[in-house]
Amino acid sequence: YEGMGPRRTLAGRIAEERVLCLAAHQRGETFAAVAARAAEEAVAARFVDQAEQAAVSEQSIADYYEAHPDKYRLEVIHVSHIIVGERQEAEAILRELRAGASFENLAMKHSVDSRSAEAGGRLGWIANGRMDPAWSKAAFAVETGSTSEAVRTAYGWALIRVDERKNTQPLDEVRAGIERRLRERAAQGLLGEVMPKAEMRFLGPLSGEAPGPTDPNP
């Protein structure tokens with residue numbers, strides 16, 4: 001019975017097309033333009049396409065986007081920091097900042113993170129989870145335009161300033177992927193609705209039964 005698997009799959013697809021075609025006619029969907037060609041495949045495809053089109057309204061796309069923030073709403077912050085070795089030093093620098101001192105100047109003067117210090121403490125855009133956990137937790141809790149308290153991190157004692165935050169995957173950038181997911185879900189939903197109501201029987205070699213010596217359909 002080598003090769004029976006693909007043949008059963010093909011037979012199953014043909015059966016699905018037949019059931020979808022019958023279901024479309026039962027609902028009064030004649031699709032005259034394609035039905036005139038007497039093509040069940042075309043009728044089934046049109047029926048599925050109609051269900052998919054109904055599933056990709058602007059509202060349904062927006063609802064799906066809002067319901068899956070873990071997939072599409074990755075927050076990033078534009079951030080600067082000053083890293084020093086001791087808590088007392090970090091707190092002293094924080095007092096200077098609150099008194100109006102320049103964050104950039106203090107970063108260049110005191111930060112042991114030499115690479116960011118050269119840029120006035122600027123790190124650029126950082127996604128949550130990309131840095132030390134203690135650093136990330138503190139940074140993403142800081143309000144935009146503010147500087148954190150002294151925070152102990154794997155890098156040393158940090159003062160973290162958040163200059164800007166944004167969503168890296170706005171709806172317009174992920175719309176095509178959401179539409180594809182909604183279409184797939186609609187097609188599967190339609191099949192799940194109509195196929196259980198149908199009876200399918202595989203005959204001959206597609207039945208999966210071993211042929212006997214007198215089986216007329218080997």
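Right above here is the structure, for reference.
Since the structure is predicted, the reported quantities are computational estimates derived from the model, not experimental observations.

Novice: Help me out: how do you make sense of the overall build of the protein in this one?
Specialist: Looking only at helices and strands, the protein has ten helices and four strands in total. Reading the helices (α) and strands (β) of the protein from amino to carboxyl end gives α-α-α-α-α-β-α-α-α-β-α-β-β-α. Here the protein, with 218 residues, has 35% of them falling under the buried criterion. Summed over its atoms, the accessible surface of the protein is roughly 13600 Å², and 49% of this surface lies on carbon and sulfur atoms.

Novice: Would you explain the nonpolar core in this entry?
Specialist: Within soluble globular proteins, side chains that are nonpolar generally end up buried alongside one another. One finds Ile 77, Val 79, Trp 135, Ala 139, Ala 158, Ile 160 and Val 162 to be the most contacted residues of the largest nonpolar core, which totals 13 residues. Elements with a minimum of two residues in this core: β1 (75-84), α9 (133-139) and β4 (156-167). Contact partners of Trp 135, with chain neighbours within four places excluded, come to Val 79, His 81, Leu 123, Ile 126, Thr 153, Tyr 155, Ala 158 and Ile 160.

Novice: Honestly, helix α10 (residues 171-194) in this entry has me stumped. Any pointers?
Specialist: Residue pairs spaced three or four apart in an α-helix point in one direction, given the helix's 3.6 residues per turn. With 24 residues, α10 extends 33 Å from end C-alpha to end C-alpha; this agrees with the ideal 34 Å at 1.5 Å per step. Taken as a whole, α10 carries its principal kink of about 30° at Gly 177. Every buried residue of α10 is listed here: Val 174, Gly 177, Ile 178, Leu 182, Ala 186, Ala 187, Leu 190, Leu 191 and Val 194.

Novice: Honestly, the environment of Ile 93 in this entry has me stumped. Any pointers?
Specialist: As for its placement among the helices and strands, Ile 93 is situated in helix α6 (residues 87-98). For Ile 93, the residues in contact, after removing those within four places along its chain, are Ile 82, Val 84, Leu 106, His 110 and Leu 159.

Novice: I keep staring at the sheet that holds strand β2 (residues 122-127) and nothing clicks. Help me out?
Specialist: Neighbouring strands of a sheet are bound in pairs by backbone hydrogen bonds; such pairs are parallel or else antiparallel. Here four strands make up an open sheet; going across it, the order is β2-β1-β4-β3 and the pairing antiparallel. Whereas interior strands pair on both sides, the edge strands pair on one side only; in this sheet they are β2 and β3 (151-153). Sheet twist, expressed as the average angle between the axes of neighbouring strands with direction ignored, equals 50°. Note: β1 against β2, five bridges, orientation antiparallel.

Novice: Hey, could you run me through the packing of aromatic side chains in this one?
Specialist: Scanning the model with the defined rule gives two aromatic pairs in all. A connected cluster of aromatic rings, assembled from ring pairs, spans Tyr 64, Tyr 65 and Tyr 72. Positioned over the ring face of Phe 103 is Arg 161, at 4.6 Å from the centre of the ring.

Novice: Is there a simple way to think about the pairing of β4 in this case?
Specialist: In this sheet, β4 lies alongside β1 in antiparallel orientation, the contact comprising ten bridges. What sits directly across from His 78, in β4, is Glu 164. Bridging between β3 and β4 involves three bridges; their strand directions are antiparallel. The partner of Thr 153 across the bridge, within β4, is Gly 156.

Novice: Is there a simple way to think about helix α4 (residues 58-67) in this case?
Specialist: Every buried residue of α4 is listed here: Ile 61, Tyr 64 and Tyr 65. Buried residues of α4 fall within an arc of 100° about the axis and therefore sit on the same side. Facing away from the buried side of α4 by more than 90 degrees, the exposed set consists of Gln 59 and Ala 67. The elements touched by buried residues of α4 are α5 (69-72), β4 and α10.

Novice: Where do I start with the packing of α4 against α10 in this structure?
Specialist: Packed helices, taken two at a time, are described by their axes: the angle between them and the distance between them. Their axes nearest at 9 Å, the elements α4 and α10 cross at an angle of 105°. Considering the angle they form, α4 stands roughly perpendicular to α10. Residues Glu 58, Ser 60, Ile 61, Ala 62, Tyr 64 and Tyr 65 of α4 lie in contact with α10, whose contacting residues are Leu 171, Val 174, Arg 175, Ile 178, Glu 179, Arg 181, Leu 182 and Arg 185. Here the residues of the contact of α4 with α10 sort into eight nonpolar, one polar and five charged.

About the cut-offs
Residues numbered from 1 in each chain as written. Predicted model: local features only at pLDDT ≥ 70, side-chain atom pairs only at ≥ 80, totals over all residues. Heavy atoms only, no water. Helix = DSSP H or I, 4+ residues; strand = E, 2+ residues; numbered from the N terminus. Buried < 20%, exposed > 50% of the residue type's maximum accessible area, 1.4 Å probe, protein only. Areas by Shrake-Rupley, 256 points an atom, 1.4 Å probe, with all protein chains shown as cover. Core = buried A, V, L, I, M, F, W, Y, C linked by side-chain atoms within 4.5 Å. Contact = heavy atoms within 4.5 Å. Expected span 1.5 Å × (residues − 1). Bend = angle between axes of the 7 residues up to and from the residue. Pairing = 2+ DSSP bridges. Axes fitted to C-alpha atoms, helices over the stretch in contact; angles between N-to-C directions. Phe/Tyr/Trp six-rings, centres within 6.5 Å; stacked < 30°, edge-to-face > 60°. Lys NZ or Arg CZ within 6 Å of the ring centre and 35° of its normal. Arc of directions from axis to C-beta. Parallel < 35°, antiparallel > 145°, perpendicular 65-115°, else oblique. Nonpolar A, V, L, I, M, F, W, Y, C, P; charged D, E, K, R; others polar.

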